[in-house]
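These are the residues of each chain, in order.
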Amino acid sequence: MFFMDIFHSSILFFYHITEKRKKNRKFVIFKFIYKKYFTMRQTQFFIPTLKELPNEAKIPSHQLMLRAGLVRGLAAGVFSFLPLGYRVIKKIMTILREEIDAIGGQEFLLPALNPIEIWEQTNRVEAMGDVLFHIKNRDGLVLAPTHEEIITYHAKQHIQSYRDMPQIWYQIQTKFRNEPRPKSGVLRGRQFIMKDAYSLDNSWEGLDLAYQKHYDAYVKIFNRCGIKFFVVGASSGAMGGKQSQEFMVESNSGEDVCAISENYAANLEVATSNVPPVSRIDKNPEIEEFATPNAKTIDDLVEQFAIPEERCAKSVLYMVDDKPWLILMRGNDELNETKLQAVAGTTNIRYIAPEELKELTGAEHGSIGPVNIPKNIKVVADLLLKNANGMVSGANKDGFHLKNIDLARDAKIDNYFDLRTVKEGELCIETGKPLRVVKAIELGHIFKLGTRYSQALEANFLDADGKTNPIIMGSYGIGVERIMACYIEQNFDDKGIIWNNTLAPFSVHLLGLNSHKSEEVAQACEEIYNKLNTENIETLFDDRAETAGVKFNDADLLGLPVQVIVGQKNLKENNIEIKVRRTDERFIIKLDELITWLKKFFDNK
RNA sequence: CGGGGCGUGGCGCAGUCCGGCUAGCGCAUCUGUUUUGGGAGCAGAGGGUCGUAGGUUCGAAUCCUAUCGCCCCGACCA
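Residues numbered from 1 in each chain as written. Chains lettered and ligands numbered in written order. Predicted model: local features only at pLDDT ≥ 70, side-chain atom pairs only at ≥ 80, totals over all residues. Heavy atoms only, no water.

**Re the nonpolar core**
Ranked by internal contacts, the top residues of the largest apolar core, which has 61 residues, are L70, Y218, I221, I483, M484, I488 and W499. Split by domain, this core shows at least three residues from each of two domains, domain 2 (37–69 + 506–605) and domain 3 (81–110 + 146–271 + 437–488). (Core = buried A, V, L, I, M, F, W, Y, C linked by side-chain atoms within 4.5 Å. Buried < 20%, exposed > 50% of the residue type's maximum accessible area, 1.4 Å probe, protein only. Domains from an automatic or database assignment.)

What follows is the structure, encoded as structure tokens:
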């Protein structure tokens, strides 16, 4: 039996003694035949399973990745992948390679050590701040948090003509980000593997095409992985760029919030809904001041003065690039800061401090309003308030409000924008059905970058007219560990992980019950084991001297798709048992039907 | 960075408030023996400077000070 292992594990070689050799011993031809190793004995494979829940893990995927011996933590947000977990990572990488290769991607291996100068040129040393790791004992080097700059640098070196494009360049590599708060196991780490692709084009139409190719590839990738996902329109944030979409997995462990319904999904940062604007009312008397000594909030006004909530206009003040803005929102609508950043064209915004508020308006929080606001304050309002009248708002005098405000008549609104945060239950702009607001994990993000990086680094090309233009770029990322964690978040039960055959570290778990005691079982297992290897079916053989219960529980925890259970009782009838992990279905079949059964099972998957 | 929780054999925890025998328990490990289809029984054994440093004290896991690390909530998040 042991000999069989040597036989499979080593490179098999045969050598022919050629006719020549018989005549002349100098010429010997060796012919090597490599047999891939498809099987592994658990006694020789490092799988440290944990019976109890590790204290540091709070979410299911993290707990199970630790318990099933896939990963171990090393520091906050830093993980080692153990052999079993790394097998899953490699399977994910294979799928990523296949699908990105299929759209013409070319894989690079890029350095993690980057000269800081390049990052200074795109102004991202400042933009990234503490997130960028700096090397302490070697000035001028940083750890790459992503690779737009490096790709653009190489493009600048060698892409000279419009004829050199389009290009899709990608990498699957470790990136480093000094996250202020790593959490949720591998979901947010300081070091993580990312598939990052970059498209280089000579036209905006070319970018659209590259973007669409990646969109389609991403759909294929996540479908192949068996992950349930949705796509949302997203804010491109500090990345800059024209358009971006995120591939999301609904999960309570997620950090993003999305509004979704049947045909609509958007990150809450940009989501809109169908809410009727505040209507105009016929009676439109003059403004009237009234005392509201005990009303600091909209709820207070509604309660104390029986004013309908939608007739209240809430004012909040922000400093936008150090200039004061008054933002007018309907009733208890919540201002969406990302939307404000988008219309302001800057991420440099902050809620105003109380003393600044007093100085600027003469009133305190709760008594601010758009009427007679000092001219140096820019006033913007939410779209729902456009031309509304009969409104109540602060009088810019502590303890007083104004009623009968006609925003068109009495206030100078500089601009109306969509600024509100969508709420659960509001109607979808596409279908008219209620929106759900859910937490989600961002698995992938595709961006139309445009020329931000090529302009900053002067990566230009000559077009057909001989004119110089910046290369038009896109950037497309997928978190490799996140695929693994998200899959587990969606596929587990109280016993453990439930792998599909695509991502499973092995396809089959061969369990020899008391194989260390029963020569009969041991022998049958060896036969099956060797057969599975010959048939190229990835198999983990539990040949440990453990009791049946231990093997069953570990098998369920590891969650390989099919368990082949060899026990003495069934063996007497020349039978073995098969258990399908996901459904818990059990089949008793003849020993010699196994391969046929497995092939049929995996083909149908 | 703000708020909270936690650091005690490999893992999970008790003990800490109120200082005092040799620092306990479960799991795991090792030896022997019995058992053998859902985390076995019995008998024995090994393994911990109680995160670290300083201080108080006759005496510190326990009290004080500082510091490091991990987890959670918030801020942040290309």
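**Some points on the sheet that holds strand β18 (residues 323–330)**
Sheet architecture is open: five strands sit in the order β19-β17-β18-β20-β23, paired in mixed fashion. Both outer strands of the open sheet, β19 (349–351) and β23 (415–417), are each paired with one neighbouring strand and no more. Going across the sheet, the axis of each strand differs from the next one's by a mean of 35°, ignoring polarity. Judged from the three bridges that link them, strand β20 (residues 378–382) and β23 form a sheet pairing that is parallel. Note that in β23 the partner of A381 across the bridge is Y416. Helix α10 (residues 337–344) rests against β17 (313–320), β18, β19 and β23 of the sheet, and its axis sits at about 130° to β18. (Pairing = 2+ DSSP bridges. Helix = DSSP H or I, 4+ residues; strand = E, 2+ residues; numbered from the N terminus. Axes fitted to C-alpha atoms, helices over the stretch in contact; angles between N-to-C directions. Contact = heavy atoms within 4.5 Å.)

**Some details on the packing of aromatic side chains**
For the structure shown, the criterion picks out 16 aromatic pairs. Seen from their ring centres, Y529 and F541 are 5.3 Å apart, and the 45° between their planes marks the pair as tilted. Of the two residues, Y529 is situated in helix α15 (residues 519–534) and F541 in strand β31 (residues 539–542); the sequence distance between them amounts to 12 residues. When the ring of W597 is compared with that of F601, the centres are 5.2 Å apart and the planes differ by 10°; the resulting orientation is stacked. In this pair, W597 and F601 both sit in helix α18 (residues 594–603), four residues apart, roughly one turn of the helix. Its relative accessible area of 19% is what places W597 among the buried residues. Ring-pair connections join several aromatic residues into one group, and the members of that group are Y215, Y218, F222, F229 and F247. Residue placement shows R87 over the ring face of F506; its charged tip is 3.8 Å from the ring centre. A cation sits over an aromatic face here: K378 above W325, 5.1 Å from the ring centre. (Phe/Tyr/Trp six-rings, centres within 6.5 Å; stacked < 30°, edge-to-face > 60°. Lys NZ or Arg CZ within 6 Å of the ring centre and 35° of its normal.)

**A closer look at the pattern of salt bridges**
Counted by the stated rule, this structure contains 37 salt bridges. Here D196 makes a salt bridge to K175, at a shortest N to O gap of 2.9 Å. On the criterion of sequence distance, the pair formed by D196 in strand β11 (residues 191–201) and K175 in strand β10 (residues 167–176) is long-range, its members being 21 residues apart. Across the pair R280 and D406 runs a salt bridge, and its minimum N-O distance is 2.7 Å. Within this pair, whereas R280 is found in the loop between β15 (264–267) and β16 (288–291), its partner D406 is found in the loop between β22 (400–405) and α12 (407–410), the two being separated by 126 residues in sequence. Given a relative accessible area of 4%, D406 falls into the buried group. Several salt bridges converge on common partners, so that one network encompasses D493, D556, E577, K579, R581, D584 and R586. (Salt bridge = Lys/Arg side-chain N within 4 Å of Asp/Glu carboxyl O.)

**Details of the sheet that holds strand β21 (residues 391–394)**
The pairing of strands in a sheet happens through backbone hydrogen bonds and is either parallel or antiparallel. Within the open sheet, the three strands sit side by side as β16-β22-β21. Their pairing is antiparallel. The open sheet has two edge strands with one neighbour each: β16 and β21. The average undirected angle you get between the axes of adjacent strands in this sheet is 30°. The pairing of β21 with β22 spans three bridges and is antiparallel.

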